[in-house]
Amino acid sequence: MTIQTFSFLAPPVVFGVKSAENIGEHITRLGARHVLVVSDRGLEKAGLVDQLCGWIRKANVAIRPYLDIEPEPSIHSVRACVDFARQAGCDLVVGMGGGSAMDSAKVVAAMLGNDGDIMDYLGLNKIPHKGVPTILLPTTAGTGSEIGRGSLFYVPERQSKEAVFSSYMLTDLALIDPVLALSAPASVTASSGLDALCHALESYTGRAANPLSMPFAELGIKWISKWLAPAVAEGRNLEAREGMALGCLYASVALANANTHAVHALAYPLQGKNRIVHGKANSVLLPYVFKALAPALAEKFAEMADWMNLAPGVSLVEGITHLSEQIGIPARMSALGVTASQLEDFTQEAVQIRRLLDNCPVPLDGAQIQAIYQDAL
Ligand SMILES: [Fe+2]
């Protein structure tokens with residue numbers, strides 16, 4: 001047997017109910033004095049930011065909150081946060097929220113150890129030095145930003161979502177407390193949870209899947225498919241939130257090591273051109289992309305259907321479609337405002353996302369991609 005060379009990377013993780021309450025100990029261990037807290041106004045209203053600052057205060061440090069992170073942040077809004085953090089002289093960044101807050105926190109921390117502008121660092125491994133340490137606390141089980149090395153931003157000048165990807169953005173601690181997700185709205189739980197399922201499904205089927213990423217993908221599929229509908233139906237159910245947090249952690253580790261492919265590639269134009277949020281864009285496309293891939297991947301699809309615990313005779317794509325319906329994901333892109341006249345533009349943008357499409361186990365050309373969009377319209 002020959003096993004292809006592979007690598008595996010994951011940040012330090014602390015997982016558990018109420019584990020966030022001990023964040024002060026981690027801050028002390030990391031030697032910080034001036035902590036930047038990156039979060040958003042929604043979490044401030046929910047009382048979570050105050051709670052977090054109370055826990056941080058136990059470390060006897062100065063706290064500078066920055067709460068103007070917008071959903072699906074533009075590169076300009078992150079620049080404002082970088083300016084704020086540089087002026088405040090922060091030596092550690094705590095990011096709490098969904099992907100937007102954590103993606104921003106990672107890049108801001110990197111910029112605190114580097115000169116220049118964030119635009120200089122768009123792309124792969126362009127950041128020259130490690131920045132200040134980060135601690136990331138997810139409040140929605142979904143994006144997996146707390147585990148990965150990438151951050152996504154909207155670049156208005158090009159109407160596109162673009163990534164900063166750097167080994168220096170691996171967090172110093174992913175602090176995953178399922179209690180923080182208890183107040184997440186049902187629609188966010190649904191779309192971010194299905195995005196996490198998508199991470200597990202895509203990383204398992206992608207060409208970069210490796211012997212360490214695959215078991216994590218399998219566990220992600222099992223846990224998310226069991227707990228997503230209960231977490232959406234009953235947001236205050238801590239057992240369901242815990243199940244989703246763990247499932248998402250598994251999926252995120254798989255994602256960080258084996259990446260996504262066609263679903264995420266096709267979702268990019270929906271995010272850039274129509275400003276549809278990441279989780280929703282991926283959720284709506286998932287069944288259609290997987291339908292197109294199904295004939296070539298019969299064996300893996302049967303395995304994954306089994307892990308989703310589907311009834312005999314129910315295919316993976318039928319199972320995904322049913323789960324989507326059950327949790328209220330729109331069945332078609334048109335329900336999100338996409339029109340037929342956009343599909344050609346979408347296709348032209350999607351075919352260029354080689355970073356993801358080259359990881360797709362089935363090569364997809366422009367005509368096939370447009371056919372998938374047409375099917376999903
Ligand atoms: Fe995603």
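Up top you'll find the structure we're talking about.
Calculation criteria
Residues numbered from 1 in each chain as written. Predicted model: local features only at pLDDT ≥ 70, side-chain atom pairs only at ≥ 80, totals over all residues. Heavy atoms only, no water. Helix = DSSP H or I, 4+ residues; strand = E, 2+ residues; numbered from the N terminus. Buried < 20%, exposed > 50% of the residue type's maximum accessible area, 1.4 Å probe, protein only. Contact = heavy atoms within 4.5 Å. Donors = N, O, S within 2.8 Å, 3.2 Å for Na, K, Ca; no water. 1 Å grid on protein atoms, 1.4 Å probe; cavity = no way out; pocket = protein on both sides within 12 Å on 5 of 7 lines; lining within 4 Å. Points joined across faces, edges and corners; volume = space filled by probe spheres on them. Domains from an automatic or database assignment. Nonpolar A, V, L, I, M, F, W, Y, C, P; charged D, E, K, R; others polar. Phe/Tyr/Trp six-rings, centres within 6.5 Å; stacked < 30°, edge-to-face > 60°. Lys NZ or Arg CZ within 6 Å of the ring centre and 35° of its normal.

1. Structural notes on the side chain of serine 324
- When you line up the elements, serine 324 lands in helix α12 (residues 316-326).
- Here serine 324 falls in the buried class, since its relative accessible area comes to 6%.
- The contacts of serine 324, once residues within four sequence positions are left out, are Leu194 and Ile329.

2. Some points on the coordination of the iron ion
- Protein-derived ligands of the iron ion are Asp195 (OD), Asp195 (OD), His199 (NE2), His264 (NE2) and His278 (NE2), with the metal-ligand distances lying across 2.1 to 2.7 Å.
- Sequence positions of the donors to the iron ion reduce to the motif D-x3-H-x64-H-x13-H. With a gap of 83 residues between them, aspartate 195 in helix α6 (residues 186-205) and histidine 278 in helix α10 (residues 278-293) connect regions that are remote in the sequence.
- Overall, the relative accessible area of 1% leaves aspartate 195 in the buried class.
- A relative accessible area of 14% means that histidine 278 is categorised as buried.

3. Quick look at empty space enclosed by the protein
- Per the stated rule, a full pass over the model turns up three cavities of 30 Å³ or more.
- By volume, the largest cavity amounts to about 90 Å³.
- Around the largest cavity, the lining comprises 13 residues; the ones closest to its centre are Pro138, Thr140, Ala141, Ile176 and Ala245.
- Broken down by element, the residue count for the lining of the largest cavity peaks at four residues, all from helix α8 (residues 238-258).
- No fewer than three residues from each of domain 1 (13-180) and domain 2 (185-376) sit in the lining of the largest cavity.
- Its volume calculated, the second largest cavity comes out at about 60 Å³.
- Around the second largest cavity, the lining residues are Lys106, Ala109, Ala110, Lys130, Gly131, Val132, Thr134, Tyr168, Met169, Leu170, Thr171 and Asp172.
- No other element matches helix α5 (residues 99-111), which puts three residues into the lining of the second largest cavity.
- Taken together, the residues that form the lining of the second largest cavity break down as six nonpolar, three polar and three charged.

4. Observations concerning the packing of aromatic side chains
- Going through the model one piece at a time under the given rule, you end up with seven aromatic pairs.
- A ring pair is formed by tyrosine 66 and phenylalanine 84, whose centres lie 5.3 Å apart and whose planes are at 55°; its orientation type is tilted. With tyrosine 66 in strand β3 (residues 62-66) and phenylalanine 84 in helix α4 (residues 75-88), this pair connects stretches of sequence that are 18 residues apart.
- Overall, the relative accessible area of 23% leaves phenylalanine 84 in the partly exposed class.
- Here the aromatic rings of tyrosine 204 and tryptophan 307 are separated by 4.9 Å at their centres, their planes lie at 75°, and the arrangement is edge-to-face. Residue tyrosine 204 is found in helix α6, and its partner tryptophan 307 is found in helix α11 (residues 298-307); the two are separated by 103 residues along the sequence. An identical accessibility class is assigned to tyrosine 204 and tryptophan 307; each is buried.
- One aromatic cluster in this structure is built from Phe8, Phe216, Trp223 and Tyr250.
- Note that arginine 275 overlies the ring of tyrosine 154, its terminal NZ or CZ placed 3.6 Å from the centroid.

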